[in-house]
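Residue-level listing of the chains:
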Amino acid sequence: MALAIGNPAQAFDTTNVAFVQTVGGTTSIPVGHAEFCKSRPDECRANADPVAAVPLTEALWQQLLAVNAGINQHVVPVTDQELYQVAEFWTYPNGYGDCEDYALAKRRELINAGWPASTLLMAVVKQANGEGHAVLMVRTDRGDLVLDNQVGSIDLWSQTPYKFIKRQSQANAGQWVDMIDTREIVVATAAIN
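Nothing here was measured: the structure is a model prediction, and the numbers come from that model. (Residues numbered from 1 in each chain as written. Predicted model: local features only at pLDDT ≥ 70, side-chain atom pairs only at ≥ 80, totals over all residues. Heavy atoms only, no water.)

Draft legend 1. Geometry of the overall build of the protein. Scanning the protein for helices and strands turns up four helices and nine strands. Taken from N to C terminus, the helices and strands of the protein fall in the order β-α-α-β-α-β-α-β-β-β-β-β-β. In the protein, which comprises 193 residues, the proportion classed as buried is 42%. Carbon together with sulfur atoms contributes 54% to the accessible area of the protein, which is approximately 9,900 Å² in total. (Helix = DSSP H or I, 4+ residues; strand = E, 2+ residues; numbered from the N terminus. Buried < 20%, exposed > 50% of the residue type's maximum accessible area, 1.4 Å probe, protein only. Areas by Shrake-Rupley, 256 points an atom, 1.4 Å probe, with all protein chains shown as cover.)

Written out as structure tokens, the structure reads:
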């Protein structure tokens, strides 16, 4: 997706369709993330001064593209079962990893580059086949962007084929909120003759 990068808006409307809507209050935390938080409590704490969204400049857009492409290219996809002999294990990739490992690595790299943690949100989605998947959502003044290990582009959440279930809270990285996704997901398939 090519975003038109201009002067960032002074104020933005998070009720706009470019932003995923959430349900008030917190929801259950994914088991893998709960375990991740036990071993890394500093990464799962309240954000002292949450930033609502990052004004997306051309330089920051290029940084997102570079981080997404770099991690997607340097991590070899392997399931947790193959790598750790467990069904679910959230951690940083060691050259290998699954979807949440890619997303955690992208989040860490962007935080280290100065992005506010409150705008970098781990999210759980359902794929068209019903399987769970994890992505990194980046809250910008242009909308919620998705960094995904399965595709090379960075897209608005509403332009992905996923059903959005829940994500980290902007106020506290150790809490999660439900997302409202009422879109009809249409999956194109090739006709077989």
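Draft legend 2. Spatial organisation of the pairing of strand β8 (residues 163–168). Bridge count for strand β4 (residues 120–126) against β8 is four bridges, and the pairing is antiparallel. Pairing of A123 across the sheet is with R167, part of β8. Relative to strand β9 (residues 176–180), β8 runs antiparallel, the two sharing three bridges. In the strand pairing of β9, Q168 is matched with W176. (Pairing = 2+ DSSP bridges.)

Draft legend 3. Molecular detail of the sheet that holds strand β1 (residues 21–22). What the seven strands build is an open sheet, ordered β1-β9-β8-β4-β5-β6-β7; its pairing is antiparallel. Edge strands, defined here as strands with exactly one partner in the open sheet, are β1 and β7 (155–156).

Draft legend 4. Representation of the pattern of salt bridges in the model. Under the criterion given, the structure shown has six salt bridges. R142 is the partner of D141 in a salt bridge, and the nearest nitrogen-oxygen pair spans 3.4 Å. Taking the shortest distance from any N to any O, the salt bridge between R183 and D181 comes out at 2.8 Å. Residue D181 is classed as buried on the basis of its relative accessible area, which comes to 5%. (Salt bridge = Lys/Arg side-chain N within 4 Å of Asp/Glu carboxyl O.)

Draft legend 5. Spatial organisation of helix α1 (residues 31–39). What α1 keeps buried is the set G32, H33, F36 and C37. Projected down its long axis, α1 shows its buried positions confined to an angular sector of 140 degrees, all on one face. Residues of α1 that are exposed and point more than 90 degrees away from the buried face comprise V31, K38 and S39. In the core, the buried residues of α1 are packed alongside α4 (99–112), β8 and β9. (Arc of directions from axis to C-beta. Contact = heavy atoms within 4.5 Å.)

Draft legend 6. The packing of aromatic side chains, seen in detail. Using the criterion set out here, one finds four aromatic pairs in the structure. Ring geometry for F36 against Y92: centres 5.7 Å apart, planes inclined by 75 degrees, an arrangement best described as edge-to-face. Remark: Y92 occurs in the loop between α3 (80–84) and β3 (96–97) and F36 occurs in helix α1; sequence separation between them is 56 residues. For the pair F36 and Y92, a shared accessibility class is recorded, and that class is buried. (Phe/Tyr/Trp six-rings, centres within 6.5 Å; stacked < 30°, edge-to-face > 60°.)

Draft legend 7. Examining the state of the cysteines more closely. Applying the stated criterion across every chain, the model contains one disulfide. Disulfide pairing places C37 opposite C44 at an S-S distance of 2.2 Å. Taking the torsion about the sulfur-sulfur bond, which here is approximately -80 degrees, the covalent link between C37 and C44 counts as left-handed. Accessibility expressed as a relative area gives 13% for C37, which makes it buried. Note on C44: relative accessible area 12%, which makes it buried. (Disulfide = S-S within 2.5 Å.)

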